[in-house]
Amino acid sequence: MTRGTLRIFLGAAPGVGMTFGMLQEAHQLRGSGRDVAVGIALDHGRLETRQLMTGLEVITPRLVEPHGFDVQEMDVDAVLARHPQVAVVDEYAHANAPGSRNRQRWQDIEELLGAGIDVLSTVSVQHLASLEDVVSAITQVPQKETVPDEIVRRADQIELVDISPELLRQRLSDGNIYPRDRVDAALANEFRLGNLFALREVALIWLADRVDEGLAKYRASQGITANWPARERVVVGLTGGPEGEVLIRRASRILSRVNGGDLLAVHVRLFDIRPGESPLALEAQRQLVTDLGGSYHTVSGGDAAETLLEFARNVNATQIVVGVSRGRLTSRLLGSGVGSKVVRGSGDIDVHMVSHPLGSRGLPRATSGGLGRARTTAGFVLAVLIPVLATGILSLAPELNFATHVLVHLTGVMAVAFIGGLWPAVLAAILDSLLLNYFETDPVGTFSINDPQNLFALLVFLGAAIAVSLLVGLSAKRAQEAARARAEAATLADLARDALIADDTIAAFLDKVRETFQVRSAGLFTRADTGGGWELQAHSGKAPPPAPGADEAGTDAYEMADPQTALVVSGRTLTAGDRRLLTAHGAHLLLLRQRHALQLRLKNTTKLAEGNSIRTSILRAVSHDLRTPLAGIKLAVTALQRRKRRLPDEIQDEMLDTIDSYADRLDSLIGNLLDMSRISSGSTAPLTSPVTWRDAIEDALRGLPGAVIRIDLAPNMPAIDADLGMLERVIANIVENALKYAPGSDIVIVGPSSGSAVATINGRPCGELRIVDHGHGVPAADVIAMFQPFQRLDDAPEGLGIGLGLAVAKGFTEAMGGQLTAEPTPGGGLTIMIRLPLSAGPQLTRPETRDADRSAP
């Protein structure tokens, strides 16, 4: 059966018209003769959307009651049985109610697609998993429903539904998005103009990246290497010289002429060059690129021009900016500079050759060997010219003896050796020997040698020429090795710098390896515990590299960081210098893994240290705060024992009340100390089950000092998942804290009103309870510290405890998967909110009343 097609309408925020556009498309398809049915589509109270539902067949959704109120869910079986050609299914990322056969609606849609049904759906950028943290940081609203980006990218078509932020706010003000009573709050919070601009940019960038991915995948599948200027990408070639900032700013100005685009600065580092780069200049250029919104890259290769062009092709660049020194006239005339080579090999990539007076090199030029191709060629030319010229000049002075001729020719051979190296010097020495033999030794005019001394002199001459050329070649080789070592050291210094500045992950490190060596993929392998085979732990690139030693073509390389760890790169054959550098990267990878392990140990050690600190504080508290009630009890008991018969009855009753009061206080302090010890040691294990707020409140208020506490709970509030004992302690500690620090104030325990928005914790709906007092309140700067152990208000009198009540309440709440927060009470005071996940189990029902005043016994 042919799989159905999926079309998604993507929007940046609620109200941009995703559902509206989807329903309009459904009407157009129906008008063209397609069989269209609505699986589920919600109008959210919007009249325009509701009107578009008219004329479309709607498959009746099923009703579920997950938390005591009706929720509409798509009836997947009914849609499959109806089997329309096109199904309209709203809210692609929706989380289905408990009891559904699929956890999320996109999984329902997969069933429809598998049955050959085309689907129209909607999704907001806020629900994309990779952007959840970004969007939450913008809107300050956590998202409880997300869908993996990879699932959305599978859609056959993604259509952006977009309107301007100003128009969206106007629609909100007109009541076309939210009810009137929610408009002001929405305008002041998630629908702020800055938020909408940011969300719109996030949506556009995400969709543009998906288009780039599709383009890159198509080019790879079709084997297309030609540049397609789909998006402006300007690549800047850097040498490490001071001219780099000029080039970067010029590239930024070029990019500013278009809407959107990427700036990529590339430092081309070669092994076979004279080092002349400045680390300080490169660091300044790196920072400048970052400030301009671009990215900085370091790549290595054997030829500067080819390496730069290869990078530009890989990123589908549209323009390249390279520097040309005004002082290099010969390179410009002969076309031998790197800039000229980039122009010749750029194809359809535009190249900007920027003339500048700040440097003298342009991009670094690689050499083909120890002395370079240019010097070797010049050496061969001179090896022919110098012997001929020397012979011609010496022929003008016939009075010179043979030794003088030999010395002059030897000087010419040495000059050739210094310029061209070994083989040009050998050629010059042989040619000089033949010329000397022909013109200077008897018999003249022949290549015969009658005098053995002349033969010996010619042999010494030839040996000296070869020795000098060998020394020149060795010196050039040493210089080349030194340059290679400096380049490797510079690359490793960059690696170490990045490791110190940024806390790299293994994946980020592999990205740098792939970029540095310009390979197709890089991966980390470790040996399996059983069998000794290799297991892939992480990789960078579209496809992972083969396991160590598995590539028969020889296009992969691997380095053993240790007997159990290997760093593998694949995509090109590495040179000996590249392999040495790969060895250093393997060692760095091993250190990176060890650092991550040490950081984990440090985190655990820090946790233990914090626990020890808590225990130390507990001991200090025991020495002071617990001694007071013990002393009071001891004093009252002693007085009763010694003077019981002589004390009036009222005095005895007062002392007994004192003992009882101090005992209760001691019991509370010890309970909090024990609870705090459990929390700090991580041994708190709640036994959660469905409970009601009212059950926990009634048990929590028993034993508190007499006070009027008003309980205002809505009837039939949904049950929550909690440990009843822990929840009782949480409520009791908060109420007791309010009674201590807001004496004489009204204490109100209130639940959310019906119809109010349901709060969420990690995407799960939760119930909320508020404990409100109207005392002096807590300054905003002290709210966080208020929940720390052993914290009390500065003006709190002695005898109000040791400051553990709220810390224990927060620890227990978080152990049950909830949140404990505080905010000022309007008009003065403090409101503490307890949020716990709603229960998915059977609902507990009991008769409840509202606005009940009760006095805690």
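From a predicted model like this one, the values you see are computed outputs, not experimental measurements.

Here is what the cut-offs are and how they apply
- Residues numbered from 1 in each chain as written.
- Predicted model: local features only at pLDDT ≥ 70, side-chain atom pairs only at ≥ 80, totals over all residues.
- Heavy atoms only, no water.
- Helix = DSSP H or I, 4+ residues; strand = E, 2+ residues; numbered from the N terminus.
- Buried < 20%, exposed > 50% of the residue type's maximum accessible area, 1.4 Å probe, protein only.
- Contact = heavy atoms within 4.5 Å.
- Axes fitted to C-alpha atoms, helices over the stretch in contact; angles between N-to-C directions.
- Parallel < 35°, antiparallel > 145°, perpendicular 65-115°, else oblique.
- Left-handed = near helix turned anticlockwise from the far one by under 90°.
- Nonpolar A, V, L, I, M, F, W, Y, C, P; charged D, E, K, R; others polar.
- Pairing = 2+ DSSP bridges.
- Core = buried A, V, L, I, M, F, W, Y, C linked by side-chain atoms within 4.5 Å.
- Expected span 1.5 Å × (residues − 1).
- Arc of directions from axis to C-beta.

> What's the story with the environment of Ile834 in this structure? I'm lost.
Tracing the backbone shows Ile834 in strand β25 (residues 830-837). We classify Ile834 as buried; its relative accessible area is 0%. Once you skip the residues sitting within four places of it in the chain, Ile834 turns out to touch Trp693, Val730, Ile731, Ile734, Gly767, Glu768, Leu769, Ile771, Thr813, Gln819 and Leu820.

> It is not clear to me how the side chain of His405 should be interpreted in this structure. Could you clarify?
You can see His405 is positioned in helix α16 (residues 402-420). Once residues within four sequence positions are removed from consideration, His405 is found in contact with Leu394, Leu400, Leu436 and Glu440.

> Explain the packing of α16 against helix α17 (residues 422-439) to me, please; I cannot follow it from the model alone.
The description of two packed helices rests on the angle between their axes and on the distance between the axes. The geometry of α16 relative to α17 is characterised by a closest axis approach of 7 Å and an angle of 165 degrees between their N-to-C directions. As the angle between them shows, α16 and α17 are arranged roughly antiparallel. In terms of crossing hand, the pair formed by α16 and α17 is right-handed. Between α16 and α17, the contacting residues are His405, Val406, His409, Val413, Val416, Ala417 and Gly420 on the first element and Leu422, Pro424, Ala425, Ala428, Ala429, Asp432 and Leu436 on the second. Grouping the constituent residues of the contact of α16 with α17 by class yields 10 nonpolar, three polar and one charged.

> So what exactly am I meant to see when it comes to the pairing of strand β23 (residues 764-772) here?
On a regular strand, one side chain projects to one face of the sheet and the next to the other, so that they alternate. The sheet contact formed by strand β21 (residues 747-750) and β23 spans three bridges and is antiparallel. Its bridge partner being in β23, Ile749 is matched across the sheet by Ile771. Looking at chain direction, strand β22 (residues 760-761) and β23 are connected through two bridges and run antiparallel. Paired with Thr760 across the strands is Pro765, a residue of β23. Direction of pairing for β23 relative to β25: antiparallel, over a ladder of seven bridges. Within β25, the residue paired with Ile771 across the bridge is Ile832.

> Sorry, what's going on with helix α12 (residues 304-314) here?
Structurally, the α-helix is built with 3.6 residues per turn, so residues lying three or four positions apart point the same way. Inspection of α12 places Ala304, Ala305, Thr307, Leu308, Leu309, Phe311 and Ala312 among the buried residues, and these make up the whole buried set. The first or second residue beyond α12 is Asn316, which carries a positive phi of 60 degrees.

> Can you walk me through the nonpolar core in this structure?
Across soluble globular proteins, you tend to see nonpolar side chains buried next to one another. In terms of nonpolar packing, the biggest core is built from 63 residues, with Tyr92, Leu112 and Val147 touching the most fellow members. With six residues, helix α9 (residues 193-222) is the single largest residue contributor to this core. Those residues in contact with Tyr92, other than ones at most four positions away along the chain, are Leu6, Ile8, Arg105, Trp106, Ile109, Glu110, Ser121, Thr122, Val123, Val147, Ile151 and Val152. The next biggest cluster of nonpolar side chains, apart from the first, holds 40 residues, and it includes Met717, Ile749, Leu806 and Val808.

> Looking at this structure, I do not really get α16. What am I missing?
Relative to the 27 Å expected for 19 residues at 1.5 Å per residue, α16 spans 27 Å between its end C-alpha atoms, a close match to the ideal helical length. Restricting attention to buried positions, one finds in α16 the residues Phe402, His405, Val406, His409, Leu410, Gly412, Val413, Val416, Ala417 and Gly420. Each buried residue of α16 sits inside an arc of 160 degrees when the element is viewed along its axis, so together they form one side. Facing away from the buried side of α16 by more than 90 degrees, the exposed set consists of Leu407 and Thr411. A positive backbone phi angle near 90 degrees is found at Gly421, which sits one or two residues after α16.

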